[in-house]
Amino acid sequence: MSIIVQKFGGTSVATLERMKSVQKKVMAARAKGYKVLVVLSAMAGETNRLLALANEWSANPDPAETDVLVATGEQCSIALFAMLLKDSGVKARSLLAHQIPIYTDDSYGRARIHGIESGTLENLFNHYDVLVAAGFQGKDHKGRITTLGRGGSDTSAVALASALGSVECEIYTDVEGVYTTDPNMCKDARKISHISYDEMLEMASMGAKVLEIRSVEFAKKYDVPVHVRSTFSDNVGTLVTKENKIMEHVLVSSIAYDKDQARVTLRSVPDTPGVAAKIFSPLADAGIVVDMIVQNPSRDGVTDMTFTTPRKDIKKTIAIAEDICKKLGGNAELTYDLNVAKVSAIGVGMRNHSGVAAIAFAALQKENINIMMISTSEIKISILIEEKYIELAVRTLHDMFIGTADKIVCDETNYN
Ligand code: ADP
Ligand code: ASP
Ligand code: MG
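Rules of the game
Residues numbered from 1 in each chain as written. Chains lettered and ligands numbered in written order. Predicted model: local features only at pLDDT ≥ 70, side-chain atom pairs only at ≥ 80, totals over all residues. Heavy atoms only, no water. UniProt positions renumbered as here; feature names shortened; annotations may be inferred. Helix = DSSP H or I, 4+ residues; strand = E, 2+ residues; numbered from the N terminus. Buried < 20%, exposed > 50% of the residue type's maximum accessible area, 1.4 Å probe, protein only. Contact = heavy atoms within 4.5 Å. Salt bridge = Lys/Arg side-chain N within 4 Å of Asp/Glu carboxyl O.

Draft legend 1. Structural context of the UniProt feature "binding site: ATP" (unreviewed entry) in the protein chain. Under the UniProt annotation, "binding site: ATP" (unreviewed entry) lies at Lys 7, Phe 8, Gly 9, Gly 10, Thr 173, Asp 174, Tyr 179, Lys 209 and Val 210. Following the sequence through the fold, Tyr 179 ends up in the loop between strand S9 (169–173) and strand S10 (194–196). According to the relative accessible area criterion, Tyr 179 is buried, its value standing at 16%. Setting aside residues no more than four positions away along its own chain, Tyr 179 makes contact with Ala 189, Arg 190, Lys 191, Ile 192, Met 203 and Ser 254. Relative to the helices and strands, Lys 209 resides in the loop between helix H7 (197–205) and helix H8 (213–222). Judged by its relative accessible area of 78%, Lys 209 is exposed.

Here it is, written out as structure tokens:
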């Protein structure tokens, strides 16, 4: 039995008409002889609506109950889609994560997958041609419902594809694949035919929400080829796969941006051993992801420590940072800025080439964009700027490194 996993995002299941496009994709896979495991997201906007409801009802929504609430978004999608298939005579049924089960830890709102009982699905495929599973959700060891974090249906799909030995995991969305930058932000963005897991990981972690980061981690770890493509066209999309020589020819393959950023500074903290640990340990314990970190040179025994964190975590971050300042004593004080955004240039070719950072800085200077913070990895450079310049910065760096001509070397001939 050959199984294929197809995941459809929120915009693809937002209306009955769009679900009919989803149905066409599923039927096309059936026509090729596959048993199909469909993984669905909640209808576009539904998860936000449910989260807003939780915050309206409760000043401090209980995390476990919030997961019970937001998981209903995916439950609606799978039931409606299974009805549609059955009405067309397809042998299909829906499945919630706890019916499979997909086991996770108990970090409500950001649970991690521990295991999947793939046998349940394999047995059901003896009776059904299409199984429609809820993305984004799982079940912890106490039997409680969990959710995997925003965009988590991508992770559900890749994990299920790996558990079932699916030929590839198809991620259907509202764009035709992974582009050199967000096609909804920059009209010159071009579709990439192949991208390595590592580049995709950097893109996802730098804000390109076309794939959720943990889905790429999963795909890389278990070697699952991921095909990102459009629900609304038949064109080939982007294959996320192992790195090859052709990819190394490309210096910068994409520009990503992230507006969900805040900059936090702890001023006048003692410049003594252990202070960084005192600042960052409580943040890590609270599950706050800290990205860029800069420590200023010491002056009279004190220093300033600046870091960035997701804007959505700022309330929690401030509460913890205020407590840290109190504990550090002296003149330690806290400031923060929410009008910041991060732009990143990514490419495996950077491993063997220097000078990318200097070119990026010069391009931004030409547009009079001030650089607030910088961080680099082997295949990425990230720059923090004022949020109002983010579109200009994305276009400027895209134009500089990628442009409209064929600066990207990609081979589309061996893939269909
Ligand atoms: P879905 O609901 O299908 O999961 P998402 O909204 O999570 O879809 O992701 C698709 C969106 O990702 C696109 O509409 C696009 O605006 C955005 N995006 C950001 N960066 C990129 C990129 N480099 N390539 C393609 N899409 C991107
Ligand atoms: N519905 C969830 C969200 O909006 C998960 C997903 O769509 O992948 O984040
Ligand atoms: Mg998504």
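Draft legend 2. Main features of the pattern of salt bridges. Within the structure shown, the criterion is met by 23 salt bridges. Between Lys 35 and Asp 129 there is a salt bridge; the shortest N-O distance is 2.9 Å. Of this pair, Lys 35 sits in strand S2 (residues 35–40) while Asp 129 sits in the loop between helix H5 (118–124) and strand S6 (130–134), and the two are 94 residues apart along the sequence. Each member of the pair, Lys 35 as well as Asp 129, is classed as buried. Note that Glu 391 and Arg 395 form a salt bridge whose closest N and O atoms lie 2.9 Å from each other. One end of the pair is Glu 391 and the other is Arg 395, both in helix H13 (residues 390–401) and 4 residues apart, which spans about a single turn. Given a relative accessible area of 36%, Glu 391 falls into the partly exposed group. A residue is classified by how much of its surface remains accessible, and Arg 395, at 39% relative accessible area, is partly exposed. One salt-bridge network, held together by shared partners, links Asp 198, Lys 220, Arg 351 and Glu 378.

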